[in-house]
Amino acid sequence: MASTLKYRRFLLKLSGESLMGQKASGLDPQTVNRICAEIAQVHSLGAQISLVVGAGNIFRGMSGTAIGIERTSADYMGMLATVMNAIALQSVLESQGVATRLQSAIPMATVCEPFIKRRAIRHMEKERVVIFAAGTGNPFFTTDTAAALRASEMECNAIVKGTQVDGVYDSDPKKRQHAKRFDRLSYDDVISKNLSVMDTSAIVLARENKIPILVFSIHDQGGLERVICGKGTYTLIDTKG
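Residues numbered from 1 in each chain as written. Predicted model: local features only at pLDDT ≥ 70, side-chain atom pairs only at ≥ 80, totals over all residues. Heavy atoms only, no water.

Colleague: What is the right way to read the sheet that holds strand S4 (residues 113-114) from this model?
Modeller: Pairing between the strands of a sheet is mediated by backbone hydrogen bonds and can be parallel or antiparallel. Strand order in the open sheet made by the 9 strands is S4-S3-S5-S2-S1-S6-S10-S11-S9, with mixed pairing throughout. Looking at which strands have only one partner, the edges of the open sheet turn out to be S4 and strand S9 (184-186). Direction of pairing for strand S6 (residues 158-163) relative to strand S10 (residues 213-217): parallel, over a ladder of 5 bridges. The residue bridging Gly-162 from the neighbouring strand is Phe-216, located in S10. (Pairing = 2+ DSSP bridges. Helix = DSSP H or I, 4+ residues; strand = E, 2+ residues; numbered from the N terminus.)

Colleague: Explanation requested: the nonpolar core in the structure shown.
Modeller: One recurring pattern in soluble globular proteins: nonpolar side chains tend to sit buried together. The biggest cluster of nonpolar side chains holds 42 residues, and the ones touching the most others in it are Phe-10, Leu-12, Leu-89 and Leu-224. Listing elements by their share of this core, those giving two or more residues are strand S1 (9-14), helix H1 (29-44), strand S2 (48-53), helix H3 (71-95), strand S5 (129-133), S6, S10 and helix H8 (223-228). Once you skip the residues sitting within four places of it in the chain, Leu-89 turns out to touch Leu-14, Leu-19, Val-32, Cys-36, Leu-51, Val-53 and Ile-131. Counting residues in hydrophobic clusters, the runner-up holds 28 residues, among them Val-52, Val-130, Phe-132 and Tyr-187. (Core = buried A, V, L, I, M, F, W, Y, C linked by side-chain atoms within 4.5 Å. Buried < 20%, exposed > 50% of the residue type's maximum accessible area, 1.4 Å probe, protein only. Contact = heavy atoms within 4.5 Å.)

Colleague: Help me understand the packing of H1 against H3 in this model?
Modeller: Any two packed helices are characterised by the angle at which their axes cross and by the distance between the axes. Running from amino to carboxyl end, H1 crosses H3 at an angle of 60 degrees, the nearest separation of the two axes being 9 Å. When the interaxial angle is binned, H1 and H3 end up oblique. Considering only the axes of H1 and H3, their crossing is right-handed. Contacts from Val-32, Asn-33, Cys-36 and Ile-39 in H1 reach Leu-89, Val-92 and Leu-93 in H3. Looking at the contact of H1 with H3 residue by residue, the classes come out as 6 nonpolar, 1 polar and no charged. (Axes fitted to C-alpha atoms, helices over the stretch in contact; angles between N-to-C directions. Parallel < 35°, antiparallel > 145°, perpendicular 65-115°, else oblique. Left-handed = near helix turned anticlockwise from the far one by under 90°. Nonpolar A, V, L, I, M, F, W, Y, C, P; charged D, E, K, R; others polar.)

Colleague: Can you help me understand unusual backbone geometry in this one?
Modeller: What you tend to see is this: most non-glycine residues have negative phi, and most peptide bonds are trans. Residue Glu-155 is not a glycine yet carries a positive backbone phi of 55 degrees. Take Glu-155: it is sitting in the loop between helix H5 (143-153) and S6. Under the relative-accessibility criterion, Glu-155 is labelled exposed at 54%. One non-glycine residue with positive phi stands out, namely Asn-194, at about 55 degrees. Looking at where Asn-194 falls in the secondary structure, it is placed in the loop between helix H6 (187-192) and helix H7 (200-208).

Don't take any of this as a statement about function, it's just geometry.
Listed below in structure tokens is the structure:
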């Protein structure tokens, strides 16, 4: 079955907002269960999967500064919120029969393992989904950068980013009717055009390690499996563009 996969070892980046469904904040049970079912389906094909999730559904560091919280403190609050999302994903994945391990960049032995590269790779080799929480463990870095960093460390074939739309556009397609959609871009195109895909440090990390980025809609039923098999609708970001 694994021969059907174009990208066998990949990192899936999910935003916290993708877990909200139609809710204003928090977790939507139906949405979380659907996303985990799609991860489980791809896992059953023989994929080695790691996962980074954001926390915009619970707390966003930059928003915290607007109410007077010092930036470093706000960022640490955001990192802790990612652990909450990661625990939820771990629980739902395991309820669906998928073995998982949760590793945190901020040590908290009661709920998860510390991040250890060799151990994480071994988990994936043993067919466990590895969820990386707490970002990079440092303030001023986004979970996008954490995703690119962990994908580089895990020697992934791709970074797969589930978003609210079906690829990369030159402007917000929800606000601009004639926004242009790209099928393929180079890393340099993303940076020079200032496209809102991932932050610049994440794009540079992916470029330096030659890891393609695939951007698709997390709301597309069965979309993750199609993307990993090189099918479906997505934007590919790589060296060629």
